[in-house]
Amino acid sequence: MKIKGVDAKSILDSRKEKTIFVSIKTAVGNFSASAPNGKSKGKFEEKPYKKSLEEDIKALKNLSDYFSEENINYFEDLKRIEDIVKGHIGANTLFALESAALKALAKEKGKNVWQLINENAGKSKISCTTKSETAPSRRTEKDFVGARKIPRLVGNCIGGGEHTNIEGKKPDFQEFLLISKAKTIKESFEKNKEIKKSLKIDLKEKDKNFKEKKNDEEAWITSLNEKEILDILKKHSSVNLGLDVAASSFYKRKKYHYYNPLLDRTSEEQLSYLVNLIKNFNLFYIEDPFEEEDFESFSKLLKKFPDRLIVGDDLIVTNPKRLEKAIEKKAINAVIVKPNQCGSLLEVAQVCEIAKKNKIKIIFSHRSGETEENILGDLAFGFEADFFKCGIEGKEREAKIQRLIEIEKDLKNFKEV
Ligand code: PGA
Ligand code: ZN
């Protein structure tokens, strides 16, 4: 496949903030993709744009002619694109560009994007750059082996922290999560929506300040505290419960600063608070329980709860080196993968490889400022994610979950043929 031209513009995300939209032209048509924006970002994330979004748009337009010199025939050939844009654009722009290229390649080959990932499995995976041209192939059973588990949904139902832009009392923790136990994505999605709807009634009853408002990720806003929220959630035995503490967002001068200053906690105190919450509410999943440099406290928590998911998001920032460090320190047993934290899908592939080799669970995740881009579903399925964290409501989030439902349906049809 030859890329005949590249163009870019800015669009608005679900928070009405600007983000990048990239389109490419090939012999078979025009293909586009956009990138999301984070808010509670890890400080070790790659910069979304080299200098600014506008400068990245200019840079891509300037480089447009160079792409046609390269042949892109396999996922691994994204390296050729990266060589052209290296040093000129940031992670958000790179992610949108590579996503658009994968969509074009999928169309050319008559495949789904997820089928391009590990296409060469069994030969050589990530380093392979075979040049031979292959004719568009019919879907065969071989395409469905290897990858091929449906990830479990992780949905944010009540939120606080940086995603909840209100005056007054709100939860210090960023996300209260429902992790469905249902067999299919479709059932899980329905279950999560049903529980979230029922929470409105509970919150109305328990929280006199409840105004039926939702935050950046469309999670309910409440003035209840962590324990009061978990008390409401614990009756839902059809799901596992999780938290994204996003602890870096309220860590300053060696302390975790809570809304009530009397509750400010040192790392040790934060650890014992979380230990209690995990025990009392049987929590299954805890993301970023400590700030993004404190590998040691993560390790202490994992040692106490090897059977729960201790998840690194800001700690790892989809970076292979940080993941290796966390593995060496036994800090986590699950990792968040947000492709635009690093921008390079080849690096995403590396992170997933390392995770799988070390039995670290993989959680593909949306960002708090989302677009209707749905490639995350293909990436999660292609890279054999264990979980898919993508909210519960809102057209931007539902687009990605719907894509997974589509993949699930496709697989089922195929098996029934
Ligand atoms: P984001 O954070 O605002 O950076 O997308 C989401 C998260 O912490 O999981
Ligand atoms: Zn997080």
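Please read these numbers as outputs of a predicted model, since none were measured by experiment. (Residues numbered from 1 in each chain as written. Chains lettered and ligands numbered in written order. Predicted model: local features only at pLDDT ≥ 70, side-chain atom pairs only at ≥ 80, totals over all residues. Heavy atoms only, no water.)

Which parts of the structure should I look at to understand the overall build of the chain?
Secondary structure summary: the chain contains 13 helices and 14 strands in total. With the principal axes as the frame, the chain shows a C-alpha extent of 65 × 50 × 40 Å. Considering the chain as a whole, with its 417 residues, one finds that 59% of them fall into the buried category. Of the contacts formed within the chain by residues at least 6 apart in sequence, a portion of 71% connects residues at least 24 apart. Here the chain has roughly 18300 Å² of accessible surface; of this, 48% comes from carbon and sulfur atoms. Separation of charge centres in the chain, based on 79 positive and 69 negative side chains, amounts to 2 Å. (Helix = DSSP H or I, 4+ residues; strand = E, 2+ residues; numbered from the N terminus. Buried < 20%, exposed > 50% of the residue type's maximum accessible area, 1.4 Å probe, protein only. Contact = heavy atoms within 4.5 Å. Areas by Shrake-Rupley, 256 points an atom, 1.4 Å probe, with all protein chains shown as cover. Lys, Arg positive; Asp, Glu negative; His and termini not counted. Charge placed at Lys NZ, Arg CZ, Asp CG, Glu CD.)

Even after reading the chapter, I still don't get the coordination of the zinc ion (ligand 2), so can you show me in this structure?
A four-donor tetrahedral metal ideally has 109.5 degree angles, and a six-donor octahedral metal ideally has angles of 90 or 180 degrees. Coordination of the zinc ion (ligand 2) by the protein comes from Asp 244 (OD), Glu 287 (OE) and Asp 313 (OD), over a distance range of 2.0 to 2.2 Å. The motif formed by the donor residues of the zinc ion (ligand 2), counted along the single chain, is D-x42-E-x25-D. You can see Glu 287 sitting in strand 10 (residues 285-287) and its partner Asp 313 sitting in the loop between strand 11 (309-312) and helix 9 (320-328), a full 26 residues away along the chain. Both residues of the pair, Glu 287 and Asp 313, count as buried. (Donors = N, O, S within 2.8 Å, 3.2 Å for Na, K, Ca; no water.)

Sorry if this is basic, but what is going on with the nonpolar core here?
General note: in soluble globular proteins, nonpolar side chains tend to be found buried as a group. If you look at the biggest cluster of nonpolar residues, it comprises 115 residues, and the most contacted ones within it are Ile 24, Leu 97, Phe 173, Ile 332 and Phe 364. Here this core takes ten residues from helix 3 (residues 91-109), the largest share from any one element. Aside from chain neighbours lying at most four places away, what touches Ile 332 is Phe 298, Leu 302, Ile 310, Val 311, Gly 312, Leu 315, Ile 316, Leu 323, Ala 326 and Ile 360. (Core = buried A, V, L, I, M, F, W, Y, C linked by side-chain atoms within 4.5 Å.)

What is the right way to read the pairing of strand 2 (residues 18-26) from this model?
The side chains of a regular strand alternate, residue by residue, between the two faces of the sheet. Here eight bridges tie strand 1 (residues 5-12) to strand 2, and the two strands are oriented antiparallel to one another. In the strand pairing of strand 2, Gly 5 is matched with Lys 25. In this structure, the hairpin formed by strand 1 and strand 2 is closed by a connection of five residues, where Lys 16 is found at a positive phi of approximately 65 degrees. Both strand 2 and strand 3 (residues 29-34) contribute to a ladder of six bridges, which runs antiparallel. The residue bridging Ile 24 from the neighbouring strand is Phe 31, located in strand 3. Linking strand 2 back to strand 3 in an antiparallel pair, the connection comprises two residues. (Pairing = 2+ DSSP bridges.)

I keep staring at the packing of aromatic side chains and nothing clicks. Help me out?
Between two aromatic rings, the relevant description is the distance of the centres plus the angle of the planes. Counting across every chain of the model gives 13 aromatic pairs. Three or more aromatic residues joined by ring pairs form one cluster here, namely Phe 173, Phe 250, Tyr 251, Tyr 256, Tyr 258 and Tyr 273. Looking at Lys 193, its charged tip hangs above the ring of Phe 189, at a distance of 4.1 Å from the centre. (Phe/Tyr/Trp six-rings, centres within 6.5 Å; stacked < 30°, edge-to-face > 60°. Lys NZ or Arg CZ within 6 Å of the ring centre and 35° of its normal.)

Help me understand the site of ligand 1 in this model?
Neighbouring ligand 1 are 14 residues, the closest being Lys 39, His 163, Gln 174, Arg 367 and Ser 368. One of the backbone N or O atoms of Ser 40 is found 2.9 Å from an oxygen atom in ligand 1. Take Lys 338: an N or O atom from its side chain is 3.2 Å from an oxygen atom of ligand 1. A total of 280 Å² of accessible area belongs to ligand 1 in isolation, and the protein chains cover 100% of it. (Near = heavy atom within 4 Å. Polar contact = N/O pair within 3.5 Å; in protein donor to acceptor, adjacent residues only side chain to side chain.)

Sorry, what's going on with helix 12 (residues 375-382) here?
Note: α-helices contain 3.6 residues per turn, so residues at a spacing of three or four share the same orientation. For helix 12, the buried fraction is high: eight of the eight residues fall into the buried class. Here helix 12 has its buried residues at Ile 375, Leu 376, Gly 377, Asp 378, Leu 379, Ala 380, Phe 381 and Gly 382.

Teacher, can you tell me more about unusual backbone geometry here?
One can expect most non-glycine residues to show negative phi and most peptide bonds to be in trans. Positive phi, close to 65 degrees, is recorded for Lys 254, a residue that is not glycine. Structurally, Lys 254 is set in the loop between strand 8 (251-252) and strand 9 (255-256). Although it is not a glycine, Val 317 adopts a positive phi angle of roughly 45 degrees. Structurally, Val 317 can be placed in the loop between strand 11 and helix 9. Taking relative accessible area as the criterion, Val 317 reaches 1% and is therefore assigned buried.

Before we go on, may I ask you to explain the sheet that holds strand 3 in this structure?
Pairing between the strands of a sheet is mediated by backbone hydrogen bonds and can be parallel or antiparallel. Read from one edge of the open sheet, three strands run 1-2-3, paired in antiparallel fashion. The open sheet has two edge strands, strand 1 and strand 3, and neither has a second partner. Across this sheet, the average inter-strand angle for adjacent strands is 25 degrees, counted without regard to direction. Set on the sheet, helix 1 (residues 53-63) makes contact with strand 1 and strand 2; between it and strand 1 the angle comes to about 165 degrees. Of the strands in this sheet, strand 1, strand 2 and strand 3 touch helix 3, which is tilted by about 35 degrees from strand 2. (Axes fitted to C-alpha atoms, helices over the stretch in contact; angles between N-to-C directions.)

Would you explain the environment of His 366 in this entry?
Along the chain, His 366 turns up in the loop between strand 13 (361-365) and helix 12. Separated by 330 residues in the primary sequence, His 366 and Pro 36 place their C-alpha atoms 7.7 Å from one another. Setting aside residues no more than four positions away along its own chain, His 366 makes contact with Glu 217, Lys 338, Leu 376, Lys 389, Cys 390, Gly 391 and Arg 397. A distance of 2.7 Å separates polar atoms of two side chains, one belonging to His 366 and the other to Arg 397.

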